[in-house]
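Structural features, examined
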2 protein chains.
Amino acid sequence: MNRHTIYVTNQPLAAARRAWQEALEEIGFFRRRPQETVRVEQALGRLTAAPVFALHSSPSYPAAAMDGIALFFGDLSTASERNPVILGPDRFLRVNTGNAIADRFNAVVMSEDIHWLDDGRVELTSPATPWQHVRTVGEDIVATELIIPEGQAIRPIDIGAMLAAGVVEVAVRRPPRVIVIPTGSELIDPGQPVQPGQIIEFNSRVLSGYLSEWGAHTAVHPPVPDDPELLLRALRAAVEQADVVITNAGASAGSKDFSNHVIGSMGSVIVHGVAIKPGKPVILATAGETPVIGLPGYPISALLTLRLFVRDMIYGFLGRETPAPRNTEAIMSRPMPSPMGVDEFVRVTLGRVGDNLIATPSGKGAGSVMSMVRADGMITIGAGSEGIGAGERVQVELLRRRSEVDATLVMIGSHDNILDLLANHLHRLHPPIRLSSAHVGSMGGIMAIKRGEAHLAGSHLLDEQTGEYNISFIKRFLPNLPLRLINLCYRQQGLLVAKGNPKQISSLADIAERGLRFINRQKGAGTRLLTDSMLRATGLDADRLNGYNHEEYTHMNIAAAVASGSADAGMGIRAAAVALDVDFVPLVEERYDLIVPESFMHDPRVGAALDLITADAECRNKIIGLGGYSLRDAGTIMYQQ
Amino acid sequence: MNRHTIYVTNQPLAAARRAWQEALEEIGFFRRRPQETVRVEQALGRLTAAPVFALHSSPSYPAAAMDGIALFFGDLSTASERNPVILGPDRFLRVNTGNAIADRFNAVVMSEDIHWLDDGRVELTSPATPWQHVRTVGEDIVATELIIPEGQAIRPIDIGAMLAAGVVEVAVRRPPRVIVIPTGSELIDPGQPVQPGQIIEFNSRVLSGYLSEWGAHTAVHPPVPDDPELLLRALRAAVEQADVVITNAGASAGSKDFSNHVIGSMGSVIVHGVAIKPGKPVILATAGETPVIGLPGYPISALLTLRLFVRDMIYGFLGRETPAPRNTEAIMSRPMPSPMGVDEFVRVTLGRVGDNLIATPSGKGAGSVMSMVRADGMITIGAGSEGIGAGERVQVELLRRRSEVDATLVMIGSHDNILDLLANHLHRLHPPIRLSSAHVGSMGGIMAIKRGEAHLAGSHLLDEQTGEYNISFIKRFLPNLPLRLINLCYRQQGLLVAKGNPKQISSLADIAERGLRFINRQKGAGTRLLTDSMLRATGLDADRLNGYNHEEYTHMNIAAAVASGSADAGMGIRAAAVALDVDFVPLVEERYDLIVPESFMHDPRVGAALDLITADAECRNKIIGLGGYSLRDAGTIMYQQ
């Protein structure tokens, strides 16, 4: 071991969870059950700390159950159609629903059955039974009766029952108090301009959001700079006040990462390092009787370890069962290799295509917040597996409602900026529908259609022989599938270069000849093919393009690389240049089509999307506003088979 | 029509809903979509009013993805195990995860692959690729990229993504403002002592609880006394401030109920009176562009009409789909007649017994709050049906989570005060388990076991011939069912009489001879059989007992009738007398057993309940504390077949 490597243990997940559970039981974490008293009207959603019994009956007096008159039932014993009974005003009293019934009466005759005489007397033609149309004392709730048992979440109707039974205060379980301490001198508050090396401190807001959804009360400590003394002081104070203390960042093996040491100095480190991905460097410790959890710094690592190790704690502290995961089965759309010996958690988007639910990874990095924003589900690849093959059936934990997943229109293929816009319009106009688009390039889209994994594929593949787009590729790769090829747009492709084009780039040849830094799209992308075809046309060798092998997956990432100065130029669409305010050197107008299998042509989700591009003026105007688009053939069937 | 009957229209539910929907569309209720701007950190659960786009990229600078050193990848082009490259401190920089990569570097080598020399230089044995272990600009989020579309509920991870992308404020849809106005001079605030004729105003708290669960912001107006002028004034002010105005009570045909008139004077009454039960007298109106809903006064009527007519409004105002009802199929345990021409809503408890989900009505009255507290589901009996037969399959809308229903132990049969206590202990010690007990008398319990509708039945049926409890009834009615008869308790039965026994009652004969008012248990109740057997033993004729035909369903209701003075005496258990502080004249000790079919003996829910009465000292002590119980044989098998 050299002097900069710190040993991080690598416990299997199940063992770590067991050890942590035992440690929590040892400090009596789940037995505490603190409670507090709140007004019933403020108790919605709280959990009762004791059974609630009725303080008085409801009704607490005999009450009319109908509008009519109250009387003594014996007075009507001889009443019939032939022999009506006539009662004077001293033998009855008009009552409305809810009125108390005077002691001398014990029945109500309802308005419809009363014949009023002009002198104020009433004529009645049928006998009454005792207590008819009377709500007797305790009919609804009898004093001392159990209204709701201990440990129940209080619903609006429970509030009504308690108030009806005279209960105005109720003992409820106190939620666990959690203090989250972000650590790191590089952290800045949201809303501040970010200097290189600084990181916006947003993790604590994500963590406290989940904690509060699970039932905790969370306070976020101001970020603690990288100073063991300051961290120790913050931890000591937090442990005094909170039921659970969480630090965030400072849990990896980096030289500034002394959390383990500091936490260890306060109590016992139960687990440091778990064989999971992401989330490996998590710390689970106790300081006296307070659990202290050191979450890793990467957002997805922090969130996953929070779910794995803290979620059960919050539910358990409140005496609730952690909700069972909602699992479903899906088919993996692409291979997902995974290291042996590690439980890996993979975020996926899901979509129902035909009879199958298709899972596609939504991004892998522990730092990729968007991979989680986009995720519909989570797959666990067990420590004993080397990964999942394309087409394999997998268990998926749903992160969205099933109905949302089922309403998702799945588009796989080439990336275009129009797609974000369509996604938003679709969701706004037809709320259940969501558009999920995976950017795997035009060829990837065709293959997804072939495998039955997408409703639509976006494609702009140029056949150099014929000069036609897409059709020859369809004939070759999807020969037997009835489908339509529908135009989405024409768009300008060209070179994205720095604002003002300071290096005066006008062609690929410029870049090659002057050794400038190029950035390329991935293999299978239509734009990559366009680059290759232009290189061939000008007789340039790819090897001469510095950066030809540096690949990005979307037009926007190309634009971002150029905007940040890490590349001098890349091939992409004008809309990406407009979006990130870099310059654009137009080279060609190309056709971008949608491939739609015939079997999905009558799917209302597909219909809604096509309506948007052909008939929705607002949507079309917004597309034009993105820059570089023509919609002259939008919605036109370019080919059918 | 006589002068006290007011005509209430009786529109079919579907027509009323259609008319209401059209009226709301006419006033543009669903098109308003007001919005407000909130800080992202406060936006959890809110719905985006517009798509949210990234303001800057994340990362916004190239950053180390690992701890290690940053360097220029070209420096390592010749590195190999045989030909290591040695770099001086000017050619690299130590970096931790997240650090910015200086402009002159474009790759990171991780700590594990670095060999540090003593002089501060490093030795490296493999080449690097450009941007390896570097998070490039926009790797997670590219500026201008869509983060979340319009109309999405903001989750914790979305907050993270927005903050990471520099978004600190977000436009969200403003929830509808609802003002609830309770009306009625009889209303008093919770916590006040209730005088006859007064009603605790709790409906508004129940209504606002549901409204807030659906997404509205609700304010409750102080109760308005029965004065058209005051109501008009309150309504006028509310209509100015709120998106939706709701009055509660004053919607029936009672003489004080002028809501219809007042509401009509302000605008258009779209619907008054719907053919539903309960909830018939609901008023749906518009005042200018504001919907005004007059809900009936009975709590269950108010709540049901709120669900039927207001719930979709709240969701629609926010542009959300009303959650689809969670339906399931169940078997009706008893017949449920229902009038033709009316859609009737029946609250039911549910329990899984063997393979079947069994539905049992939890109470019928529109004033029965507890029927809704206890309900697990709701059945609609359509206008074209005369009701549901016992054993018939019905569609049930679930009001609880399915897992809660599946964890319910179903006990049907005789009522005893121990059952509340058991329910509470079971739920506290084994949180998923709930005990649902339906009080239909001992014979009703035996029949429920016969039909496979209960896990347990409580029974105390005395065979006058043998002097034995329960066994001869089991042999006769459940001859072929393997089961165990397990003792729950012995308990004192006797006469419940007013505190201090002012009428000096000591026997049923006293009551009959002196013409005092008796209150009886329902047919099929063990206590009814006990009364009958004692009448026979003393040669008394049932006709001579004044009130013999006035039936109540539980010991507690008998005690409540005696406590309130509406009856002089009734037969019941000592625990009920103790609970309501009335006097008790002991007549007999009887045995109360549980009938458990053999097939449920190994059900963990049954085991948990039996453990409580045999082994849980706290629970047993509490039972003794109720008064009149002996647990000397609790848990003993009295009979087995």
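Going by an unreviewed UniProt entry, chain A carries the name Molybdopterin molybdenumtransferase and comes from Desulfofustis limnaeus. We quote the UniProt Cofactor (unreviewed entry) comment for chain A here in full: "Mg(2+)". The UniProt entry for chain A carries the following text under Pathway (unreviewed entry): "Cofactor biosynthesis; molybdopterin biosynthesis."

1. Here we look at the interface of chain A and chain B
Taken together, the contacts link 101 residues of chain A with 102 residues of chain B. Summed over both partners, the interface of chain A with chain B comes to about 8300 Å²; 59% of that surface belongs to carbon and sulfur atoms. On the chain A side of the contact with chain B, Pro156(A), Ile157(A) and Met370(A) bury the most area, a combined 7% of that side's loss. Viewed at the interface, chain B and chain A are joined by 6 salt bridges. At the boundary of chain A and chain B, one finds 30 residue pairs in polar contact (both at pLDDT 80 or more). Sorting elements by how many residues they give to the side of chain A that touches chain B places helix H2 (residues 156–164) of chain A first, with 8 residues.

2. Concerning the relation of the copies chain A and chain B
For these two chains of identical sequence, chain A goes onto chain B by a turn of 180° and a shift of 0.0 Å along the axis, with RMSD 0.1 Å. In the structure described here, the two chain copies are related by an operation that fits a two-fold rotation axis. Mapped onto chain B, 100% of the interface residues of chain A are again interface residues, and the two copies thus contact each other with one and the same surface.

3. What to know about the environment of Ala79(A)
Residue and element names in this part refer to chain A. You can see Ala 79 is positioned in the loop between strand E4 (68–71) and strand E5 (85–87). Owing to a relative accessible area of 6%, Ala 79 belongs among the buried residues under this scheme. C-alpha of Ala 79 to C-alpha of Ser 630: the two residues are 551 residues apart in sequence and 88 Å apart in space.

4. Some thoughts on empty space enclosed by the protein
All names here are of chain A. Within this structure, the stated rule accounts for 6 cavities of 30 Å³ or more. Approximately 70 Å³ is the volume found for the largest cavity. What lines the largest cavity is simply Leu 409, Met 411, Leu 422, Leu 435, Leu 456, Leu 488, Leu 594, Ala 609, Leu 610 and Ile 613. Residues of the lining of the largest cavity, tallied by class, amount to 10 nonpolar, no polar and no charged.

5. Observations regarding the pattern of salt bridges
All names here are of chain A. Tallied over the entire structure, the rule returns 77 salt bridges over all chains. Of the charged contacts in the structure, one is a salt bridge between Lys 523 and Glu 551, with a shortest N-O distance of 2.9 Å. Note that Lys 523 is positioned in the loop between strand E33 (518–521) and helix H13 (526–537) and Glu 551 in strand E34 (residues 551–552), a separation of 28 residues in sequence. Exposure remark for Glu 551: the relative accessible area of 26% places this residue in the partly exposed category. Put simply, Arg 528 and Glu 551 hold a salt bridge, and the shortest N to O gap is 3.0 Å. Here Arg 528, found in helix H13, pairs with Glu 551, found in strand E34; they are 23 residues apart in sequence, far enough to count as distant. Exposure remark for Arg 528: the relative accessible area of 5% places this residue in the buried category.

6. Overview of the nonpolar core
In terms of nonpolar packing, the biggest core is built from 73 residues, with Leu422(B), Leu426(B), Ile446(B), Leu488(B), Leu496(B), Ile595(B) and Val596(B) touching the most fellow members. The residues contacting Ile595(B), other than those within four sequence positions of it, are Ile446(B), Ile449(B), His455(B), Leu456(B), Ala457(B), Ser459(B), Ile474(B), Leu478(B), Leu483(B), Arg484(B) and Leu485(B). Within the second largest apolar cluster, 72 residues are counted, among which are Ile418(A), Cys489(A), Ala560(A) and Leu631(A).

7. Side note on helix H13 (residues 526–537) of chain B
Residues and elements named next belong to chain B. Here H13 spans 16 Å end to end across 12 residues, near enough to the 16 Å set by a 1.5 Å rise per residue. Residues of H13 that are buried: Gly 526, Thr 527, Arg 528, Leu 530, Thr 531, Asp 532, Ser 533 and Leu 535. Phi for Gly 539, located one or two positions after H13, is positive at around 70°.

Parameters and conventions
Each residue is numbered by its place in its chain's sequence as written, counting from 1. The naming scheme follows written order: chains are lettered A onward, ligands numbered 1 onward. Thresholds applied to this predicted model are a pLDDT of at least 70 for local features of residues and 80 or more for the giving and counting of side-chain atom pairs; totals over whole chains, interfaces and linings are not thresholded and use all residues. Calculation of side-chain values draws on the structure's entire complement of heavy atoms; hydrogens and water are dropped beforehand. UniProt positions are given in the numbering used here, feature names are shortened, and annotations may be inferred rather than shown by experiment. Note on contacts: a residue pair is in contact if any heavy atoms of the two residues lie within 4.5 Å. The term buried area denotes the loss of accessible surface (1.4 Å probe radius) that occurs when two parts are joined, taken as the sum for both partners. Whenever Lys or Arg places a side-chain nitrogen within 4 Å of a carboxyl oxygen from Asp or Glu, that contact is recorded as a salt bridge. In the analysis that follows, any N or O atom pair within 3.5 Å is treated as a polar contact, provided that within protein one partner can donate a hydrogen and the other can accept it, and provided that, for residues neighboring in sequence, both atoms belong to side chains. Runs of E in the DSSP output that reach at least two residues are strands. Runs of H or I that reach at least four are helices, and both are numbered from the N terminus. Least-squares fitting of one copy onto the other uses the C-alpha atoms of those residues that reach a pLDDT of at least 70 in both copies. Burial classification: accessible surface area is computed with a 1.4 Å probe over protein chains only, and a residue below 20% of its type maximum counts as buried, one above 50% as exposed, and the rest as partly exposed. Note on definitions: the grid is 1 Å and covers protein atoms alone; a cavity is a set of points where a 1.4 Å probe fits but cannot get out; a pocket is an open set with protein on both sides within 12 Å along at least five of seven lines; lining residues have an atom within 4 Å of a point. Grid points are joined across faces, edges and corners, and a volume is the space filled by probe spheres set on the points. Residue polarity is assigned by list, with Asp, Glu, Lys and Arg as charged and Ala, Val, Leu, Ile, Met, Phe, Trp, Tyr, Cys and Pro as nonpolar; anything else, Gly included, falls into the polar class. Residue types Ala, Val, Leu, Ile, Met, Phe, Trp, Tyr and Cys, when buried and joined through side-chain atoms within 4.5 Å, form a set referred to as a nonpolar core. Given a helix with a known number of residues, its expected span is that number minus one, times 1.5 Å.

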